[in-house]
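Here's the letter readout for the chains.
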Amino acid sequence: MKNRILFALIFLFPLQIFAWKEKSLSPKARDIPDSITQAVMKRPKEKLSLLVSTLISGITDDEEKVKVLHDWICDNISFDTKMYFSGQTKKQDFVSVLKNKSALSQGYSALFYEMCKAAGIESVVIHGYSKGFGYLGALMSKTDHDWNAVKAGGVWKLVDVTWDAGRVDFKTWIKSYSSEWFFLAPEYFIYSHLPEKDEYQFLEKTQIRTREQFVKEPFVPARFFELGLRLTEKSPDYKNKISSSVKFDFSLTDCDIILMAEIESKKDGSYVPCATWITRSNEKVCAEYDVPDSEKYKGILFAKKKGVSAISKVFSAEEFEKETVSEVKKLLSDKKITQKEHDFFFSSYFKVDENNRYYLNDDSLDNERNDALKKIFSFFDTDGTDFEPVITFELEAEEQYRGFGAKKARYPLAHLSYSLSTNTSPVAPLSGSIKKGSKIKFSVKSSDYDKFAVKISGNLLKMEKNSSTGFFEFESTIENSDSVTIFASKDSNSYFGLWSYSVE
């Protein structure tokens, strides 16, 4: 369990960029006779080798063997939230884990180590610190998390089975399979996991993180890198004291990624509207954040792949019961879905009263059900939902700065169409609100659209292109209007709202 033989071996193998491309649970992880599953849960020491040999039967590639072992654990072992929140850690050896069918990270990594050992694959348990659930921007006096490294294909590779098995929401364990933390490259893994011993970082000596550096850096999950986003020298620290609005830069290799930024109150978890703004120019992304007052906030960058039919994994109870239920029933009455597809939907979600949310009963191998869910969600306007947080950090106003003001709009209200743009941004005005009775010159630069208009008091007024600057412009005195919206078009037939200003 506490094998430390890596020290002499780490630098014998070249570092590589690697990640496991197969995102679904391996069917072999389920292709185990019930008799073997029941036996290994009752008599772990006697039957573990039988389970492992059955799982890897017919597989010659070590990486695939490791994936099957990882997947079986994710599918069969739950995170023990009761033990975690009690603060009283009980036995986490592989025998206890299998008998209880639950574990903390120590138990997940211990079981994974034993299964790799039974498969003849060299592995190690790594003790360290993480920026997972409950992280508050500082390291505890003792390590708080365990994960693994395995040697597959002649290279040491990192695995966090605990995080791939699911997540904790409030105080509830939600099973949700992932391979996000399976064979993630060490240079990305280090933004969320800091080993107790430097050699387990698997980085070149010049890249080794100190405790101070690890704490300073933001939390960057694997999904950030998977979507083609990269950090720059102007990326945020974990804790950021600001004296005005602050801009953070990222690079992006995939123009089909949609981005959204938010700030969230650390006091009550609510989002602050119009406190962020994103500007994109080809492969460059600038995310701008501000805070309304002297309270502490969490800055978040969200992302999703454009055009991917995603299955929503969580709903608020109010949204599910008041909106989603009626929408799905209407699809059935309109004969857009079958009764079986309708039934699949309602049997796929369960409610957790403590959280007041509905969660997807995760099963990536149930293709018929998942196809039905994808079909249903294709009828919904889901482009504005299912964004994933891809970087998280903290924001707080400097003592001399009191923020931009509560209940005020710091930036315009961005619409989804703006998020889909890659080379469009406002030149003026840049604030989110307009003073009633004032004369305003609207100015936009863009290479995405060739026509722009301003909607004021229900009238769509054309913006003219300035031949010297290339900006689209329109000037007007704003009187009887609650808001002003900038629209854009590529064909003069369809106009899309990009952003709106409030009029005060």
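Fair warning: this is a prediction, and the values are worked out from it, not measured in the lab.

Student: Could you give an account of the overall build of the chain, with specific residues and numbers?
Tutor: Regarding its fold elements, the chain presents 14 helices and 28 strands. Seen through its principal axes, the chain has C-alpha atoms that stretch 80 × 60 × 40 Å. For the chain, contacts bridging at least 24 residues in sequence account for 68% of all contacts bridging at least 6. For the chain, the computed accessible surface area is about 24500 Å², with 48% contributed by carbon and sulfur atoms. Here the chain contributes 71 positively and 73 negatively charged side chains, and the mean placements of these two sets differ by 2 Å.

Student: Tell me about the pattern of salt bridges, and please be specific about residues and values.
Tutor: Overall, the coordinates contain 27 salt bridges when judged by the stated rule. Across the pair Glu 321 and Lys 351 runs a salt bridge whose closest N-O atoms are separated by 3.1 Å. Taken as a pair, Glu 321 in helix α11 (residues 317-333) and Lys 351 in strand β17 (residues 349-352) lie far apart in primary sequence, 30 residues in all. Beyond isolated ion pairs, a larger network of salt bridges with shared partners links Arg 30, Asp 75, Lys 175 and Asp 363.

Student: Hey, could you go over the environment of Val 285 for me, with residue numbers and the actual values?
Tutor: Relative to the elements of secondary structure, Val 285 occurs in strand β14 (residues 284-289). Taking relative accessible area as the criterion, Val 285 reaches 2% and is therefore assigned buried. Put simply, Val 285 and Gly 307 are 22 residues apart on the chain and 20 Å apart in space, counted from C-alpha to C-alpha. Among residues more than four places away in sequence, those in contact with Val 285 are Phe 248, Asp 249, Phe 250, Leu 252, Leu 259, Ile 278, Thr 279 and Arg 280.

Student: Quick one: what's the story with the nonpolar core, residue by residue and with numbers?
Tutor: Formed by 56 residues in total, the largest nonpolar core has its most connected members in Phe 250, Tyr 289 and Leu 395. With five residues, strand β19 (residues 388-397) is the largest single contributor of residues to this core. Listed in part, the 44 residues of the second largest apolar core include Val 95, Ala 119, Val 168 and Phe 183.

Student: Give me the lowdown on the packing of aromatic side chains, citing residues and values where you can.
Tutor: One pass over the structure, following the stated rule, counts 38 aromatic pairs. Pairing Trp 163 with Phe 219 gives two aromatic rings, centres 6.4 Å apart and planes at 90 degrees, and the pair type is edge-to-face. Here Phe 219 lies in the loop between α9 (211-216) and α10 (222-226) and Trp 163 lies in helix α7 (residues 161-165), a separation of 56 residues in the sequence. Assigned by exposure class, Trp 163 and Phe 219 land together as buried. Seen from their ring centres, Phe 377 and Phe 380 are 5.5 Å apart, and the 85 degrees between their planes marks the pair as edge-to-face. This pair shows no difference in class: Phe 377 is buried, exactly as Phe 380 is. Taken together, Phe 315, Phe 320, Phe 345, Phe 346, Tyr 349, Tyr 358, Phe 377 and Phe 380 form an aromatic cluster joined through their ring pairs.

Student: I'd like to hear about a nonpolar patch on the surface, residue by residue, with values.
Tutor: Taken together, Tyr 84, Phe 85 and Phe 133 make up a surface patch of nonpolar side chains, about 270 Å² in accessible area. Tracing the backbone shows Phe 133 in the loop between β3 (123-130) and β4 (145-152).

Student: Residue-level account of helix α6 (residues 105-118), with values.
Tutor: In a regular helix each residue adds 1.5 Å, so 14 residues correspond to 20 Å; α6 covers 20 Å between its end C-alpha atoms and thus fits that length. Burial of α6 is extensive: eleven of the 14 residues sit out of reach of the surface. Within the span of α6, buried status applies to Ser 105, Gly 107, Tyr 108, Ser 109, Ala 110, Leu 111, Phe 112, Tyr 113, Glu 114, Met 115 and Cys 116.

Student: Tell me about the sheet that holds strand β8 (residues 193-195), residues and numbers included.
Tutor: Hydrogen bonds between backbone groups are what pair the strands of a sheet, and the pairing can be parallel or antiparallel. Here we have four strands laid out as an open sheet, ordered β5-β4-β3-β8, and antiparallel in their pairing. Looking at strand neighbours, the two that pair on one side only are β5 (155-159) and β8, the edges of this open sheet. When the angles between neighbouring strand axes are averaged without regard to direction, this sheet yields 45 degrees. As defined by bridge partners, β3 adjoins β8 across three bridges and the pair is classed as antiparallel. Looking across to β8, one finds that Ser 130 is bridged to His 193. The sheet strands contacting α6 are β3, β4 and β5, and the helix crosses β4 at an angle near 20 degrees.

Student: So, helix α12 (residues 339-347): which residues are in play, and what are the values?
Tutor: Among the residues making up α12, those that are buried are Glu 341, His 342, Phe 344 and Phe 345. Within α12, the buried residues cover an arc of 160 degrees as seen down the axis, which keeps them to one side. Those residues of α12 that are buried are in contact with α11, β17 and α13 (367-378).

Student: Explain the sheet that holds strand β13 (residues 276-281) to me, and be specific about the residues and the numbers.
Tutor: With respect to topology, four strands assemble into an open sheet ordered β9-β11-β14-β13, the strand pairing being antiparallel. In the strand order of this sheet, the two ends are held by β9 (229-231) and β13, each with one partner. Sheet twist, expressed as the average angle between the axes of neighbouring strands with direction ignored, equals 30 degrees. Across three bridges, β9 lies against strand β11 (residues 246-252) in antiparallel orientation.

Student: So what about unusual backbone geometry? Which residues, and what values?
Tutor: Between Ala 428 and the following residue, Pro 429, the backbone shows a cis peptide bond with an omega angle of -10 degrees. The phi angle at Phe 170 is positive, at roughly 60 degrees, despite the residue not being glycine. Within the secondary structure layout, Phe 170 lies in the loop between β6 (166-169) and β7 (172-175). When its relative accessible area of 46% is taken as the criterion, Phe 170 is described as partly exposed. A positive phi is found at Lys 335, a non-glycine position, where the angle reads about 60 degrees. Assignment of secondary structure puts Lys 335 in the loop between α11 and α12. Owing to a relative accessible area of 77%, Lys 335 belongs among the exposed residues under this scheme.

Student: Can you tell me about the pairing of β5, naming the residues and giving the values?
Tutor: Within β5, five of the five residues are buried, leaving the element largely enclosed by the surrounding structure. Side chains Val 155, Lys 157 and Val 159 of β5 all project onto a buried face; the interleaved residues Trp 156 and Leu 158 project onto the opposite face, where all are buried too. For β4 and β5, the ladder comprises five bridges, and the chain directions are antiparallel. Pairing of Ala 152 across the sheet is with Val 155, part of β5. Joining the antiparallel neighbours β4 and β5 is a turn of two residues, in which Gly 153 adopts a positive phi near 65 degrees.

Criteria and thresholds
- Residues numbered from 1 in each chain as written.
- Predicted model: local features only at pLDDT ≥ 70, side-chain atom pairs only at ≥ 80, totals over all residues.
- Heavy atoms only, no water.
- Helix = DSSP H or I, 4+ residues; strand = E, 2+ residues; numbered from the N terminus.
- Contact = heavy atoms within 4.5 Å.
- Areas by Shrake-Rupley, 256 points an atom, 1.4 Å probe, with all protein chains shown as cover.
- Lys, Arg positive; Asp, Glu negative; His and termini not counted.
- Charge placed at Lys NZ, Arg CZ, Asp CG, Glu CD.
- Salt bridge = Lys/Arg side-chain N within 4 Å of Asp/Glu carboxyl O.
- Buried < 20%, exposed > 50% of the residue type's maximum accessible area, 1.4 Å probe, protein only.
- Core = buried A, V, L, I, M, F, W, Y, C linked by side-chain atoms within 4.5 Å.
- Phe/Tyr/Trp six-rings, centres within 6.5 Å; stacked < 30°, edge-to-face > 60°.
- Patch = residues over 30% accessible without salt bridge, like charges linked within 9 Å, V, L, I, M, F, W, Y side chains within 5 Å.
- Expected span 1.5 Å × (residues − 1).
- Pairing = 2+ DSSP bridges.
- Axes fitted to C-alpha atoms, helices over the stretch in contact; angles between N-to-C directions.
- Arc of directions from axis to C-beta.

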